[in-house]
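Inside the fold
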Amino acid sequence: MINPVDLAVAIAPEVSLEPGEMMKLSTYAAALVSAGLLASLAGTAGASETSVAPTADAKALPSVNMEATVKAAQIDPRRPNNNFTPGAKASVLLVERALRDKKLLAAKYVDGHYGTTTVTAFTKYQKSLGYKGVAANGLPGKASLTKLGAGRFKLNHVIVPGARVKYGRYVVNTRTKKMLTEASRLLGGRKIVLDQGSYNPGGDPTSKGTHDGGGVVDISVKGMNAATRTKVVRELRRVGFAAWVRSPRQGNWPWHIHATALNDTDLSTPAQHQVGDYYLGLNGLANRGKDDGPKVKPIRTWEEYLRARR
């Protein structure tokens, strides 16, 4: 224990004080001690025995990689097995344990595989926070994931779709607009014209709900030959879209390019399934046929594409 007088001397070692002034200073030092400022002042005075053990709040929390977790939430439900999405297991386990502790997920499903049961549990959690529609889509968005992790884990590699904005005549989110702009640049400045945007529930029944949320667009192929259509799809895939040329023989629609942004946390459930199927080498249609688009390896999200450019 440091004597207040000794601390007073340590505070002003170069100053000559009268006895009365020393008493005043020692009284001031004692007040500082009682106010809990002893540790910082003692450090100035060179005291070493005043180190304080870190509190529980000061201990480092484990990190959830949001990018990897969202990726797993799109791919794992589409897998024919319980395999893990590479790089996601540790983060998914942290999320699942938090859901378990909130009585939203049975312990047997806390396994690091973000399957349909975990999607359902996270949807219930989002709804408990008052979220509706695509805000309660089972994908861990920044706000809901932050609240779930309070006191348990912190986030890194955070994804945000951004505000809703216009791209041509149609609504998309900021992240999608940046992706389309970059694809246009890679195409030598070729203008990408949309036939349909995002956040368009019920706008086109043939879309089967893929455009209900964010991250999904249909692109006009007017004036494009087959080679150009393939080139556009390739560049869309390079910047982080699951993209395919759609023809009238596949469904009740005209020729167009359908593109779904990987890891967009505003994706509708059907759009999430398209992303998962794309990673698994499928065509994103209800028949779950083999992917018929140009192969781009490795498959990268928008954020991964940006890091690869640095």
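The structure this text deals with has already been given above.
A brief structural summary. Just so we're clear, the structure is a prediction, and the values are computed from it rather than from any experiment.

What counts, and where the lines are drawn
Residues numbered from 1 in each chain as written. Predicted model: local features only at pLDDT ≥ 70, side-chain atom pairs only at ≥ 80, totals over all residues. Heavy atoms only, no water. Salt bridge = Lys/Arg side-chain N within 4 Å of Asp/Glu carboxyl O. Helix = DSSP H or I, 4+ residues; strand = E, 2+ residues; numbered from the N terminus. Buried < 20%, exposed > 50% of the residue type's maximum accessible area, 1.4 Å probe, protein only. Pairing = 2+ DSSP bridges. Axes fitted to C-alpha atoms, helices over the stretch in contact; angles between N-to-C directions.

Topic: the pattern of salt bridges
Enumeration according to the criterion identifies twelve salt bridges in this entry. Here Arg288 makes a salt bridge to Asp277, at a shortest N to O gap of 2.5 Å. Taken as a pair, Arg288 in the loop between helix H10 (269–279) and helix H11 (302–309) and Asp277 in helix H10 lie far apart in primary sequence, eleven residues in all. Arg288 gets classed as partly exposed once you look at its relative accessible area, which sits at 33%. On the basis of relative accessible area, Asp277 is assigned to the buried category, the value being 2%. Several salt bridges converge on common partners, so that one network encompasses Arg78, Asp277 and Arg288.

So, the pairing of strand E6 (residues 216–219)
Here is the key point about a regular strand: its side chains alternate between the two faces of the sheet. Here E6 shows no split at all, with Val216 and Asp218 on one side and Val217 and Ile219 on the other all buried. Bridge analysis of strand E5 (residues 194–196) against E6 gives two bridges, and the strand direction is antiparallel. Residue pairing in the sheet places Leu194 in a bridge with Ile219 of E6. Pairing analysis gives four bridges linking E6 to strand E8 (residues 256–261), with the strands arranged antiparallel. Looking at the pairing, Asp218 lines up with His258 of E8.

Comments concerning the sheet that holds E6
Paired through their backbone hydrogen bonds, the strands of a sheet run either parallel or antiparallel. Ordered in space as E5-E6-E8-E7, the four strands form an open sheet in which the pairing is antiparallel. Each having just a single partner strand, E5 and strand E7 (241–246) make up the two edges of the open sheet. On average, each strand axis in the sheet is inclined to that of its neighbour by 30°, with strand direction left out of account. Sheet topology places E7 next to E8; six bridges connect them, and they run antiparallel.

By themselves, these observations are geometric and do not establish any function.
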